[in-house]
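Understanding the architecture of this molecule
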Amino acid sequence: MFSRQISKHCAQAALRTARPVRAARSIVYVKSISQQPLPNNAKPLRPNVGLKKAPETFLSANGTLYPGNEATLAKVKSLLGADYALPDDLILQVLTHKSFSHGLKPYNQNLAIIGKHFLRLETTSYAVKQESANPSAINGINFDVCLSKISNLLSATAATSQLCKNTGIAESIFWKAPKVGDKSNTVYATTINALVGAVLLKRGQHAARSFVNEKLLAGEHSLITIAEKVYK
């Protein structure tokens, strides 16, 4: 009897102290658009919600919509030949500058950094191996001149950008020209450096060395011939 009264008393106390539970309400966020009173017979304007740019406004260069087609890659493939062939997606990255599409597509900056250093190494090696009849030459080898100057001339922007134009690769580059100043030669040189970097990373040092010596320092589009014309 006593225990039953205690239980009843505890239950009543619990009812007095318990807080009422409110029903859960879901919150709905509604996007409202304030409108001004319209003149008579005027139709309300539809709000411009979710406007998107047409892809051709920022994904095209030189009249070609990214990622282009087989003709876009043809000039690079022609320069590479079968011995130094690269995958299409890597060639496309070589042809894509950081300025294109706000850098949203794989671009060639890092490839160009690696390729530029390797190209300078190979042009320096080429300069060292040239025979010299000067009295100060060492064993008939061209150590009596400043090798860095020769290397810079062969791998400088003026020479590599001209090579890019001579091969027709410049016409296939995806990039956006700045509003002020002409950066085209820098973009063209970056593309050639990136191509060297791509061959180096994909096919190895031996293949990259052969590519530079066979395709860039000799043949139809030799940097040596270009440098003689550019710096004459």
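Residues numbered from 1 in each chain as written. Predicted model: local features only at pLDDT ≥ 70, side-chain atom pairs only at ≥ 80, totals over all residues. Heavy atoms only, no water.

With that settled, the discussion passes to helix H9 (residues 223–230). Those residues of H9 that sit buried are Leu 223, Ile 224, Ile 226 and Ala 227. Seen along its axis, H9 keeps its buried residues to an arc of 160°; they face one direction. Facing away from the buried side of H9 by over 90 degrees, the exposed positions are Glu 228 and Lys 229. The backbone nitrogen of Ile 224 lies 3.1 Å from a side-chain oxygen of the residue at the head of H9, namely Ser 222. (Buried < 20%, exposed > 50% of the residue type's maximum accessible area, 1.4 Å probe, protein only. Helix = DSSP H or I, 4+ residues; strand = E, 2+ residues; numbered from the N terminus. Arc of directions from axis to C-beta. Polar contact = N/O pair within 3.5 Å; in protein donor to acceptor, adjacent residues only side chain to side chain.)

What follows is about the confidence of the model for the protein chain. Keep in mind that low pLDDT regions are not for reading the predicted coordinates in detail. In the predicted model, the protein chain carries a mean pLDDT of 81, and 71% of its residues have values of at least 70. Across residues 23–34 the pLDDT falls below 50, and counting only partners more than four positions away or on other chains, this stretch makes two contacts in the model. (pLDDT = per-residue confidence, 0-100. Contact = heavy atoms within 4.5 Å.)

Turning next to the nonpolar core. Counting 41 residues, the largest nonpolar core has Leu 80, Leu 86, Leu 195, Phe 211, Val 212 and Leu 216 as the members making the most contacts within it. The element best represented in this core is helix H7 (residues 184–203), accounting for nine residues. When neighbours within four sequence positions are excluded, Leu 86 is seen to be in contact with Leu 80, Ile 91, Leu 195, Ala 198, Val 199, Lys 202 and Arg 203. Among the nonpolar cores identified, the runner-up in size contains six residues, and Ala 61, Tyr 66, Leu 92 and Phe 174 belong to it. (Core = buried A, V, L, I, M, F, W, Y, C linked by side-chain atoms within 4.5 Å.)

Time to look at the environment of Ser 172. Following the sequence through the fold, Ser 172 ends up in the loop between helix H6 (157–166) and H7. Ser 172 sits 98 residues away from Ala 74 along the chain, and the two C-alpha atoms are 9.1 Å apart. Contact partners of Ser 172, with chain neighbours within four places excluded, come to Asn 62, Ala 71, Thr 72 and Leu 95. From its side chain, Ser 172 meets the backbone oxygen of Thr 72 in a polar contact 3.3 Å long.

Moving on, we get to the layout of surface pockets. In this model, the largest pocket occupies a volume close to 260 Å³. Residue lining of the largest pocket: 15 residues in total, with Ala 112, Thr 186, Ala 189, Thr 190 and Asn 193 positioned closest to the centre. For the lining of the largest pocket, the elements supplying multiple residues, two or more each, are helix H4 (109–128), H6 and H7. (1 Å grid on protein atoms, 1.4 Å probe; cavity = no way out; pocket = protein on both sides within 12 Å on 5 of 7 lines; lining within 4 Å. Points joined across faces, edges and corners; volume = space filled by probe spheres on them.)

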